[in-house]
Amino acid sequence: MLRQDVPGGGSTEGARQRPKLVPLRGVPMPDIFLENWEAVQNFRAVPQDIVIATYPKAGTTWVQEIVDFILQDGDAEKCRRAPLQTRIPFLEFSCGSDFTAGTELLEQMSSPRVIKTHLPFQLLPTTFLEQRCKIIYCARNAKDNLVSYYHFDKMNKIQPEPGTWHEYFQKFLQGNVSYGLWHDHVLGWWAQKDLYPILYIFYEDIKEDPKREIRKMMTFLGRDLPESVLDAIARHTSFQAMRCNPMSNYMSVPPDVFDQTVSTFMRKGEVGDWKNHFTVAQDQAFEIDYERRMKGSDLRFRTELQQ
Ligand code: PPS
């Protein structure tokens, strides 16, 4: 297996020790990611770089695939050239010496590079802002985001042990998960969206009308594709299509990293799955906390879509 064919490469042997969370300027981060932090901080962007930024589990993979399709003029064969994690490296990813760090993969790439990050705005290397790189930020409603993150942390061995659903629910509300509080993340990026070339989009909007949102991304990226190509991109990037596509479903990642027998990466892809997880008491606690943390902001989310 090629080193680059798994997130950053890697071996398939041995039991993996889950990382611990360590604060980085107040934001909890997996300790293994911090081993390469100097290279992340010193990363040199160029104006043609395109950044896809998200809180984890907010629709990153979906937007990555859409952006690659736009840049490849809707050519499905070209988008199958490599797994997504190789086509669009994960900036701050680092996982020991047998894995290729995100910064290393990016150094080997030619322009235009597309870069994935989960960093909150205040931790994004300023080079991206200085170079006025285009940034697409995708946000997802907190309830579904939490549910998706819980299932992911169960299967992803390079995340801390999530514990029970009840324990994870508390951790999420306390911001005691990788990348910290969801609320700080979405608000932090929202506050900057008019100061830099940032397109702020929502998972629920893509779900509601994929073609409309694909067109929005295309226009933001300065491309112009015919309607028939937009239709094809919407088809190729549907949940069903991406779930069956080995270049986008992360099945190329060895099971000691992503144990997809526990939960598949492409799990449900729905709006409103939180209703199958939240108890009434949890929902009440969540709403009280949400109101307090989001107070004063005009940022609005939808936790369900009209049928
Ligand atoms: S990661 O690990 O942070 O990059 O994960 P991320 O890609 O942000 O989020 C994964 C969730 O997005 C869902 N997903 C999709 N939903 C709808 N349509 C498409 N095409 C799609 N691709 C990925 C994926 O299923 C995860 O959500 P859940 O709710 O867990 O299913």
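All residue numbers refer to position in the chain's written sequence, counted from 1. Side-chain atom pairs in this predicted model are given and counted only at pLDDT of 80 or more, local residue features only at pLDDT of at least 70, and totals for whole chains, interfaces and linings cover all residues. For side-chain calculations, the full set of non-hydrogen atoms in the structure is used, while hydrogens and water are omitted.

Trainee: Pulling in residues and values, what's your account of the sheet that holds strand β6 (residues 198–202)?
Mentor: Strand order across the open sheet formed by 4 strands is β4-β3-β5-β6, with parallel pairing between neighbours. Of all the strands in the sheet, just β4 (114–117) and β6 have a single pairing partner and so form its edges. Recorded for the sheet is a direction-independent mean angle of 20 degrees between the axes of neighbouring strands. Should any heavy atoms of two residues lie within 4.5 Å, those residues are counted as being in contact. Whenever a helix is involved, its axis is fitted only over the stretch in contact; in every case the axis is a line through C-alpha atoms, and angles between N-to-C directions fall within 0 to 180 degrees. Helical segments are the DSSP runs of H or I of at least four residues, strand segments are the runs of E of at least two, and each set is numbered from the N terminus. The strands that helix α10 (residues 182–192) touches are β3 (50–54), β5 (134–139) and β6; relative to β6, the one it contacts most, it runs at about 140 degrees. Here helix α12 (residues 210–220) sits on the sheet and contacts β5 and β6; the angle it forms with β6, its principal contact strand, is near 175 degrees. Strand pairing requires that DSSP identify at least two bridges connecting the strands.

Trainee: Give me the lowdown on the pairing of β6, citing residues and values where you can.
Mentor: β6 sits mainly inside the fold: 5 of its 5 residues count as buried. Residues Ile198, Tyr200 and Phe202 point to one face of β6 and Leu199 and Ile201 to the other, with burial holding for every one of them. Relative to β6, β5 is paired through 5 bridges, and the arrangement is parallel. Bridging across to β6, Tyr137 finds its partner in Tyr200. Each residue is placed in one exposure class: buried if its accessible area under a 1.4 Å probe, protein chains only, is under 20% of its type's maximum, exposed if it is over 50%, and partly exposed if it falls in between.

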